[in-house]
Amino acid sequence: MRKLMLQAISLGMIVFFLATNAGAQTGRERTRIPVPVQEGFAPPGKQEQIKNFQEKVLPRVQLSQTQKVKVAKIYDDFFSTIDAQKKSGARISKELMDKTIAAKDAQLKATLNPEQIKDLVRAERSLPVARPHEQMQEYMKKQGAPKNAQMRKPVKG
């Protein structure tokens, strides 16, 4: 009798702890807030990249007019290749990116002298970097989201 009573109490305690633990875990779930696509969290497209390059990078580098046209064409081809790969839906592979960058660098070496290339690289690095995570944090603050909210894949429409 005593043995049966101890088994019932221990079984009751196990059930109680399992129920308490399950209830505590459901309260810890993170809130997911849908992020609309039109909020501007996507990285810049090809046209915006070309525009930024021509407005912010090319004026900082001392190039002749023919060199500027050639460099703009090189970067247009580079951005077009990357944009086409993004639109295909597949992830951009490291090999493709390395090959595309190497082709761009080879064309630049054929067009510019080493000092101009250094100036171009320096001007490129001065461009602001898109930081979607920071944009997302600002968006969440505006929406009054709880601190533990997570991003979800953007909802189109």
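Parameters and conventions
- Residues numbered from 1 in each chain as written.
- Predicted model: local features only at pLDDT ≥ 70, side-chain atom pairs only at ≥ 80, totals over all residues.
- Heavy atoms only, no water.
- Helix = DSSP H or I, 4+ residues; strand = E, 2+ residues; numbered from the N terminus.
- Expected span 1.5 Å × (residues − 1).
- Contact = heavy atoms within 4.5 Å.
- Patch = residues over 30% accessible without salt bridge, like charges linked within 9 Å, V, L, I, M, F, W, Y side chains within 5 Å.
- Areas by Shrake-Rupley, 256 points an atom, 1.4 Å probe, with all protein chains shown as cover.
- Salt bridge = Lys/Arg side-chain N within 4 Å of Asp/Glu carboxyl O.
- Buried < 20%, exposed > 50% of the residue type's maximum accessible area, 1.4 Å probe, protein only.
- Axes fitted to C-alpha atoms, helices over the stretch in contact; angles between N-to-C directions.
- Parallel < 35°, antiparallel > 145°, perpendicular 65-115°, else oblique.
- Left-handed = near helix turned anticlockwise from the far one by under 90°.
- Nonpolar A, V, L, I, M, F, W, Y, C, P; charged D, E, K, R; others polar.
- Polar contact = N/O pair within 3.5 Å; in protein donor to acceptor, adjacent residues only side chain to side chain.

Per an unreviewed UniProt entry, the protein goes by Periplasmic heavy metal sensor and derives from Sediminibacterium sp. KACHI17.

Draft legend 1. Helix α3 (residues 65–87), seen in detail. Between the first and last C-alpha of α3 there are 32 Å, a value that for 23 residues agrees with the 33 Å anticipated at 1.5 Å per step. Check the buried side of α3 and you find it contacts α2 (46–57), α4 (94–111) and α5 (114–125). In the segment just after α3, Gly89 is the residue with positive phi, at about 90 degrees.

Draft legend 2. A nonpolar patch on the surface, seen in detail. Residues Met5, Ile9, Met13, Phe16 and Phe17 make up a contiguous nonpolar surface patch of about 560 Å² in total accessible area. Note that Ile9 resides in helix α1 (residues 2–27). You can call Ile9 partly exposed: its relative accessible area is 47%.

Draft legend 3. Spotlight on the packing of α2 against α3. Orientation of α2 relative to α3, taken along the N-to-C sense of each, is 155 degrees, at an axis distance of 9 Å. The angle between α2 and α3 places the two elements in the roughly antiparallel class. Viewed along their axes, α2 and α3 form a crossing whose handedness is right-handed. The segment α2 lies against α3, with Lys46, Gln49, Ile50, Phe53 and Gln54 engaging Val71, Ala72, Tyr75, Asp76, Phe79, Ser80 and Asp83. Class assignment of the residues belonging to the contact of α2 with α3 gives a composition of six nonpolar, three polar and three charged.

Draft legend 4. View of α5. If you check α5, its first and last C-alpha atoms are 17 Å apart, about what twelve residues at 1.5 Å a residue would give, namely 16 Å. Looking at the buried side of α5, the elements it contacts are α2, α3 and α4. Capping the start of α5, Asn113 holds a side-chain oxygen 3.1 Å from the backbone nitrogen of Glu115, two or three residues further along.

Draft legend 5. Looking closely at the pattern of salt bridges. This structure, assessed with the given rule, holds four salt bridges. Between Lys73 and Asp77 there is a salt bridge, with the nearest N and O atoms lying 2.9 Å from each other. Placement of the pair is Lys73 and Asp77 together in helix α3, with a separation of four residues, close to one helical turn. Between Lys87 and Asp83 there is a salt bridge, and its shortest N-O distance comes to 3.4 Å.

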